[in-house]
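One-letter residues, chain by chain:
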Amino acid sequence: MTNQAPPRIGDLLRSAATRATPLVRDIDDASLGAPTPCAEYDVRALLNHLLGVVVHFQALAAKQAADLDSTKDWLAEAEWRDRFEIEAGKLVEAWSAPGAEEGTTGGMGMPARAVGSMVLLDLTVHAWDLARATGRSFAPDPAVVEGLVEEVERMAPMARKMSVFGEAVDLPADATLFERLLATTGRDPRAWEA
């Protein structure tokens with residue numbers, strides 16, 4: 001048996017972006033004030049957060065510093081849906097570039113692959129948050145979920161200390177791998193069924 005290399009972050013991000021982009025494009029303005037499973041954000045705030053992440057993590061892929069505390073209102077632009085699609089494409093390109101997964105990132109000083117997993121997690125979990133907040137279903141690529149499980153388990157204790165994740169949610173034995181991933185981040189997927 002040979003050890004198979006893990007999928008490249010750029011490839012996983014491409015799949016995640018392909019599923020998130022149409023979901024974001026179909027969010028209508030009337031839904032922007034709706035609550036989301038990510039308790040501190042309504043739909044508008046979560047979209048602003050996600051757009052910021054998609055932009056700033058491009059710089060981190062290039063080993064540059066990024067302003068992760070930015071509070072820019074990306075949705076003030078009339079074409080924010082197009083902007084999301086363009087920036088998600090740039091994110092995929094940035095993390096697909098040679099060396100993006102190697103070494104450590106710019107200002108974060110963390111292993112690059114772990115940082116790539118963080119943006120992959122945001123793109124996947126927040127797409128689910130947005131889908132549920134707007135009454136739609138969302139099914140991520142199983143390869144993306146498999147690529148995230150181990151990293152999310154590893155980062156969970158620190159993420160909880162930093163209040164990035166909530167406390168893990170207990171799920172029944174028949175929960176899917178994605179439901180378990182959501183539960184690790186503090187979301188109750190059964191409470192937000194489509």
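Participant: Go over empty space enclosed by the protein, please, and point to the residues and values.
Facilitator: Over the atoms, a rolling probe the size of a water molecule traces out where space has been left empty. This model, assessed by the stated rule, comprises one cavity of 30 Å³ or more. Lining of the largest cavity is provided by Ser 15, Ala 16, Arg 19, Thr 124, Phe 138, Pro 140, Asp 141 and Val 144. Here the lining of the largest cavity takes three residues from helix H1 (residues 9–25), the largest share from any one element. Of the residues assigned to the lining of the largest cavity, the class counts are four nonpolar, two polar and two charged.

Participant: Before we move on, can you summarise H1 with the specific residues and values?
Facilitator: Its 17 residues place the ends of H1 23 Å apart at the C-alpha level, agreeing with the 24 Å of an ideal helix rising 1.5 Å per residue. Within H1, the full set of buried residues consists of Ile 9, Gly 10, Leu 12, Leu 13, Ser 15, Ala 16, Ala 17, Ala 20, Thr 21, Leu 23 and Val 24. Elements that come into contact with the buried residues of H1 comprise helix H2 (43–61), helix H3 (80–96), helix H4 (112–133) and helix H5 (142–161).

Participant: Could you give an account of the packing of aromatic side chains, with specific residues and numbers?
Facilitator: Here the structure, examined in full by the defined rule, presents zero aromatic pairs. Above the ring of Trp 74, the side-chain terminus of Lys 72 is found at 4.2 Å from the ring centroid.

Participant: If you had to explain the packing of H1 against H5 to someone new, which residues and values would you point to?
Facilitator: Running from amino to carboxyl end, H1 crosses H5 at an angle of 130°, the nearest separation of the two axes being 9 Å. When the interaxial angle is binned, H1 and H5 end up oblique. The chirality of how H1 crosses H5 is left-handed. Across the interface between the two elements, Leu 12, Ser 15 and Ala 16 of H1 pack against Ala 143, Val 144 and Gly 147 of H5. Across the contact of H1 with H5, the residue classes break down as four nonpolar, two polar and no charged.

Participant: I'd like a rundown of the layout of surface pockets, residues and numbers included.
Facilitator: When its volume is computed, the largest pocket comes out at roughly 990 Å³. Lining the largest pocket we find 36 residues, and of these His 49, Val 53, Met 118, Asp 122 and Val 164 sit closest to its centre. Of all the secondary structure elements, the ones that give two or more residues to the lining of the largest pocket are H2, H4 and H5. The class makeup of the residues in the lining of the largest pocket is 20 nonpolar, eight polar and eight charged. By volume, the second largest pocket amounts to about 190 Å³. Forming the boundary of the second largest pocket are Pro 6, Pro 7, Ile 9, Leu 12, Arg 113, Ser 117, Ala 143, Glu 146, Gly 147, Glu 150, Glu 151 and Arg 154. Counting only elements with at least two residues in the lining of the second largest pocket, the list comes to H1, H4 and H5. Element by element, the count of residues in the lining of the second largest pocket is highest for H5, at six residues. Looking at side-chain class alone, the lining of the second largest pocket contains five nonpolar, two polar and five charged residues.

Participant: Describe the nonpolar core, and please don't skip the residues or the numbers.
Facilitator: Core analysis: the biggest nonpolar cluster contains 55 residues, and Leu 13, Leu 47, Phe 84, Trp 95, Leu 123 and Leu 130 have the highest contact counts within it. Filtering out sequence-adjacent residues up to four positions away, Leu 130 remains in contact with Leu 23, Val 24, Ile 27, Val 43, Leu 46, Leu 47 and Leu 50.

Participant: I'd love a proper account of the environment of Asp 28, names of residues and values included.
Facilitator: If you trace the backbone, Asp 28 turns up in the loop between H1 and H2. The class for Asp 28 is partly exposed, based on a relative accessible area of 41%. Residues Asp 28 and Ala 114, 86 residues apart in the sequence, show an inter-C-alpha distance of 33 Å. Side-chain polar atoms of Asp 28 contact the side chain of Ser 31, separated by 2.9 Å.

Participant: An account of H3 is needed here, citing residue identities and associated values.
Facilitator: Because each turn of an α-helix spans 3.6 residues, side chains separated by three or four positions in sequence point in the same direction. The first and last C-alpha atoms of H3 sit 24 Å apart over 17 residues, in line with the 24 Å expected at 1.5 Å per residue. Taken together, the buried positions of H3 are occupied by Trp 80, Arg 81, Phe 84, Glu 87, Ala 88, Leu 91, Val 92, Ala 94 and Trp 95. Here the buried residues of H3 occupy an arc of 160° about the axis, which is enough to place them on one side. Residues of H3 that are buried sit in contact with H1, H2 and H4.

Participant: Now, about the environment of Ala 20: what can you tell me, with residues and values included?
Facilitator: Examined against the element boundaries, Ala 20 turns out to sit in helix H1. Accessibility expressed as a relative area gives 1% for Ala 20, which makes it buried. As for Ala 20 and Ala 131, which are separated by 111 residues in sequence, their C-alpha atoms are 9.2 Å apart. Setting aside residues up to four positions removed in sequence, Ala 20 forms contacts with Phe 84, Leu 123 and Ala 127.

Conventions and cut-offs
- Residues numbered from 1 in each chain as written.
- Predicted model: local features only at pLDDT ≥ 70, side-chain atom pairs only at ≥ 80, totals over all residues.
- Heavy atoms only, no water.
- 1 Å grid on protein atoms, 1.4 Å probe; cavity = no way out; pocket = protein on both sides within 12 Å on 5 of 7 lines; lining within 4 Å.
- Points joined across faces, edges and corners; volume = space filled by probe spheres on them.
- Helix = DSSP H or I, 4+ residues; strand = E, 2+ residues; numbered from the N terminus.
- Nonpolar A, V, L, I, M, F, W, Y, C, P; charged D, E, K, R; others polar.
- Expected span 1.5 Å × (residues − 1).
- Buried < 20%, exposed > 50% of the residue type's maximum accessible area, 1.4 Å probe, protein only.
- Contact = heavy atoms within 4.5 Å.
- Phe/Tyr/Trp six-rings, centres within 6.5 Å; stacked < 30°, edge-to-face > 60°.
- Lys NZ or Arg CZ within 6 Å of the ring centre and 35° of its normal.
- Axes fitted to C-alpha atoms, helices over the stretch in contact; angles between N-to-C directions.
- Parallel < 35°, antiparallel > 145°, perpendicular 65-115°, else oblique.
- Left-handed = near helix turned anticlockwise from the far one by under 90°.
- Core = buried A, V, L, I, M, F, W, Y, C linked by side-chain atoms within 4.5 Å.
- Polar contact = N/O pair within 3.5 Å; in protein donor to acceptor, adjacent residues only side chain to side chain.
- Arc of directions from axis to C-beta.

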